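# Architecture at a glance
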Amino acid sequence: MVAVKDATAMGDAEKRKKAAAAVMEKPERHVTSAEMARHSTEGDLWVAVQGKVYDVTAWLPRHPGGDLPLLSLAGQDVTDAFVAYHPPSAWRVLDRYRVATLSDYSVSDVSRDYRRLVADFARAGLFDRKGHGCAVSLCAMAALLAAAVYLVLATASVAAHMAAAVMLGFLWMQSGFLGHDSGHYVVMRSRGLNRAVQVLAGNCVTGISIAWWKRTHNTHHIACNSLDHDPDVQHMPLFAVSPRLFDSLTSAFYRRVMRFDAAARLLVSYQHWTFYPVMCVARVNLFAQSLLLLLADTRARVPGRLAELAGVAVFWVWYPWLVSRLPGGAGERAAFVLLSFAVTGIQHVQFCLNHFSAGTYVGRPRGDDWFQKQTRGTLDVACPPWMDWFHGGLQFQVEHHLFPRLPRCHLRRVAPVVRQLCKKHGLHYDSCGFWEANARTLRTLRDAAMQARAVAAAGGAVPKNLVWEAVNTHG
């Protein structure tokens, strides 16, 4: 009986060898970049990584980063973006989808150096050594929340209550930084704990869906500063960072036309004045976007939708309850809410500083100039190390966009290497101080506002305003 089993096992092994040999002997299919580009739709989606072509149509609904990054780069070589966002384990997933080899595959000098740098960082263990930033952030958040609750419940002082509102604003800022980190790489010891931190620090503490944030942010990274593909520069009718938005572009993310109508011309004409006031209440938009995704957007795949909704519901229990405990009536409560929102509005300004004054373009992102688009569409904000807590790693925006899986504790260390690489290839690398970054952002908004006013004057859509004329006269 044993001999029979052994013979059967040997026969099975021989069959597997023959099958493997047959696969190896099968002629390999070769396709050109032009042929691959025809496979660029949701129902037929190919990409290439290091010259190997993959049909990822079936993988699209299950892609952890969402469908939009893949759709944005469909039909192209995506090697640079792939190595930026995926750990080595992702290669095993790719193998099952391979269909061909790219016959005209080539690598630019910039991409070759970039990929070598990614490999060097990996060998040095930089992607794996995350430091103690998560633990410190969680402790700081817990302390801020406890202090704010104490000041509201245990004191009758209006000043103390306003101090509590300030603490909540900084709590939400730190929560935003932590949610940002946990969306790019695992900040905890396991993916399960990482997910728990995301829902707790994001949904429960801030009322903003981490699923909404990941969907938006992943698309932003892939299509950095594309006026029609990057949602982070699509703020019509309130803001336009470029006159090219006056052409009523269609947003690939929101699937609608961003109309530059009479209302938009009016609002954009004043955008350099309204920028900071809007940032003070920008949180309201994030609440609305989160709820729209979780409750109304049936087309979007939202992993853990019920957990996301439950987390958001927790916020809408504890925060209104805390506000209701203020003894000063409607006036004090309104001031508390506005102050807490205004403080965390600093973070919304920070998000804008990194991109509003940087280079923009129209169209889909391309895989063959990914590195160049990331450096051209981002701005570093220079600051001393002791201010890193205030910026949460966002001050190294160029480095973060090139190495999104790199923990923020290493960004300052790699910045000189990135600068040297950009210098070697004559690429744009921009950095300035916090106040200069604010000035650049306002100049960008003002320039677009002036052109919007000219368009409005030509079409007669915006009424004349002598005060506005006097303040904005230049030339």
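Residues numbered from 1 in each chain as written. Predicted model: local features only at pLDDT ≥ 70, side-chain atom pairs only at ≥ 80, totals over all residues. Heavy atoms only, no water.

### Notes on the overall build of the protein chain
Secondary structure assignment for the protein chain yields 21 helices and nine strands. Against the 2.2 N^0.38 benchmark of 23 Å for 475 residues, the protein chain shows a C-alpha radius of gyration of 25 Å, consistent with a compact globule. C-alpha extents for the protein chain along the principal axes are approximately 90 × 60 × 45 Å. Residue burial in the protein chain is summarised as follows: out of 475 residues, 49% are buried. Restricting to contacts in the protein chain with at least 6 residues of sequence separation, those with at least 24 account for 72%. Just so you have it, the protein chain exposes about 22,400 Å², and 63% of that area is on carbon and sulfur atoms. Between the centroid of the 51 positive side chains of the protein chain and the centroid of its 36 negative side chains there is a distance of 4 Å. (Helix = DSSP H or I, 4+ residues; strand = E, 2+ residues; numbered from the N terminus. Rg over C-alpha atoms; globule rule 2.2 N^0.38 Å. Buried < 20%, exposed > 50% of the residue type's maximum accessible area, 1.4 Å probe, protein only. Contact = heavy atoms within 4.5 Å. Areas by Shrake-Rupley, 256 points an atom, 1.4 Å probe, with all protein chains shown as cover. Lys, Arg positive; Asp, Glu negative; His and termini not counted. Charge placed at Lys NZ, Arg CZ, Asp CG, Glu CD.)

### Digging into the nonpolar core
Where a protein is soluble and globular, its nonpolar side chains tend to be buried together. The biggest cluster of nonpolar side chains holds 40 residues, and the ones touching the most others in it are Tyr114, Leu402 and Phe403. Those elements giving two or more residues to this core turn out to be strand E3 (44-49), helix H4 (79-85), helix H5 (90-95), helix H6 (109-123), helix H16 (370-376), helix H18 (397-402) and helix H19 (411-424). Sort the elements by how many residues they give to this core and H19 lands first, with six residues. Tyr114 has contacts with Asp80, Val83, Ala84, Trp370, Phe371, Leu402, Phe403 and Leu421, leaving out every residue within four places of it along the chain. Core analysis: the second largest hydrophobic core is formed by 38 residues, Leu171, Phe287, Trp318 and Phe341 among them. (Core = buried A, V, L, I, M, F, W, Y, C linked by side-chain atoms within 4.5 Å.)

### Some details on the packing of helix H13 (residues 283-296) against helix H15 (residues 330-353)
Axis separation between H13 and H15 bottoms out at 10 Å; the angle between their running directions is 80°. In terms of their interaxial angle, H13 and H15 are classed as roughly perpendicular. Residues Arg283, Val284, Leu286 and Phe287 of H13 form the contact with H15, whose participating residues are Phe341, Thr344 and His348. (Axes fitted to C-alpha atoms, helices over the stretch in contact; angles between N-to-C directions. Parallel < 35°, antiparallel > 145°, perpendicular 65-115°, else oblique.)

### A look at the confidence of the model for the protein chain
The share of residues in the protein chain with pLDDT of 70 or more is 91%, and the mean pLDDT across the chain is 88. The lowest-confidence element of the protein chain is helix H21 (residues 466-472), averaging 39 in pLDDT; the highest-confidence one is helix H12 (residues 271-280), averaging 97. pLDDT under 50 marks residues 1-10. Its contacts with residues more than four places away, or in other chains, come to zero contacts. Low confidence marks residues 460-475, where pLDDT is under 50. Its contacts with residues over four positions away, or in another chain, come to 24 contacts. (pLDDT = per-residue confidence, 0-100.)

### Comments concerning helix H11 (residues 262-269)
Among all positions in H11, only Ala264, Arg265, Val268 and Ser269 are buried. Down the axis of H11, the sector holding all buried residues measures 125°, keeping them to one side. (Arc of directions from axis to C-beta.)

### So, the environment of Val31
Tracing the backbone through its elements, the reader meets Val31 in strand E1 (residues 30-31). Spatially, the C-alpha atoms of Val31 and Asp104 are 8.1 Å apart, while their sequence positions differ by 73 residues. Every residue in contact with Val31, bar those within four places of it in the chain, is listed here: Trp46, Val53, Ala100, Thr101, Leu102, Ser103 and Asp104.

### Overview of the pattern of salt bridges
For the structure on display, the rule yields 15 salt bridges. Salt-bridge contacts for Asp181 lead to Arg408; the nearest nitrogen and oxygen are separated by 2.7 Å. With Asp181 in helix H8 (residues 158-184) and Arg408 in the loop between H18 and H19, this pair connects stretches of sequence that are 227 residues apart. On the accessibility criterion, Arg408 (23% relative accessible area) is partly exposed. Connected through shared salt-bridge partners, Arg366, Asp368, Asp369 and Lys373 make up one network. (Salt bridge = Lys/Arg side-chain N within 4 Å of Asp/Glu carboxyl O.)

### Overview of the side chain of Glu399
Within the element layout of this structure, Glu399 appears in helix H18. Arg419 provides the closest opposite charge to the buried, salt-bridge-free Glu399, at an N-O distance of 5.0 Å.

### Concerning the environment of Thr41
Checked against the element boundaries, Thr41 lands in strand E2 (residues 40-41). Spatially, the C-alpha atom of Thr41 lies 29 Å from that of Val110, the residues being 69 residues apart in sequence.

### Re unusual backbone geometry
Put simply, Met236 and Pro237 share a cis peptide bond, and its omega is 10°. Here Pro237 lies in the loop between helix H10 (210-222) and strand E6 (250-251). Notably, Asn225 is not glycine yet its phi reads approximately 65°, a positive angle.

### Side note on the packing of aromatic side chains
Enumeration over the complete set of coordinates arrives at 27 aromatic pairs. Ring plane angle 85° and centroid distance 5.0 Å describe the contact between Phe315 and Trp316, whose orientation is recorded as edge-to-face. Given a relative accessible area of 0%, Phe315 falls into the buried group. For Trp316, a relative accessible area of 38% corresponds to the partly exposed category. Taken together, a centroid distance of 5.8 Å and an interplanar angle of 80° make the contact between Trp318 and Tyr319 edge-to-face. Here the aromatic cluster, defined as three or more aromatic residues joined through ring pairs, consists of Trp172, Phe287, Phe315, Trp316, Trp318, Tyr319 and Phe341. For the cation-ring pair, Arg256 lies above Tyr254, with the distance from its terminal atom to the ring centre recorded as 5.2 Å. The ring centre of Phe127 lies 4.3 Å from the NZ or CZ of Arg405, which sits over that ring. (Phe/Tyr/Trp six-rings, centres within 6.5 Å; stacked < 30°, edge-to-face > 60°. Lys NZ or Arg CZ within 6 Å of the ring centre and 35° of its normal.)

### Topic: the sheet that holds E3
Spatial ordering of the open sheet is given by E1-E5-E4-E3-E2, a layout of five strands whose pairing is mixed. Sheet topology places E1 and E2 at the edges, where each strand pairs with a single neighbour. Summarising the sheet, E3 and strand E4 (residues 52-55) pair through four bridges and their orientation is antiparallel. When the bridges of E4 are listed, Trp46 appears paired with Asp55. (Pairing = 2+ DSSP bridges.)

### Remarks on a nonpolar patch on the surface
A grouping of Val281, Val284 and Leu338 is seen on the molecular surface, where their side chains present a nonpolar patch of about 240 Å² in accessible area. With respect to the helices and strands, the residue Leu338 is situated in helix H15. (Patch = residues over 30% accessible without salt bridge, like charges linked within 9 Å, V, L, I, M, F, W, Y side chains within 5 Å.)

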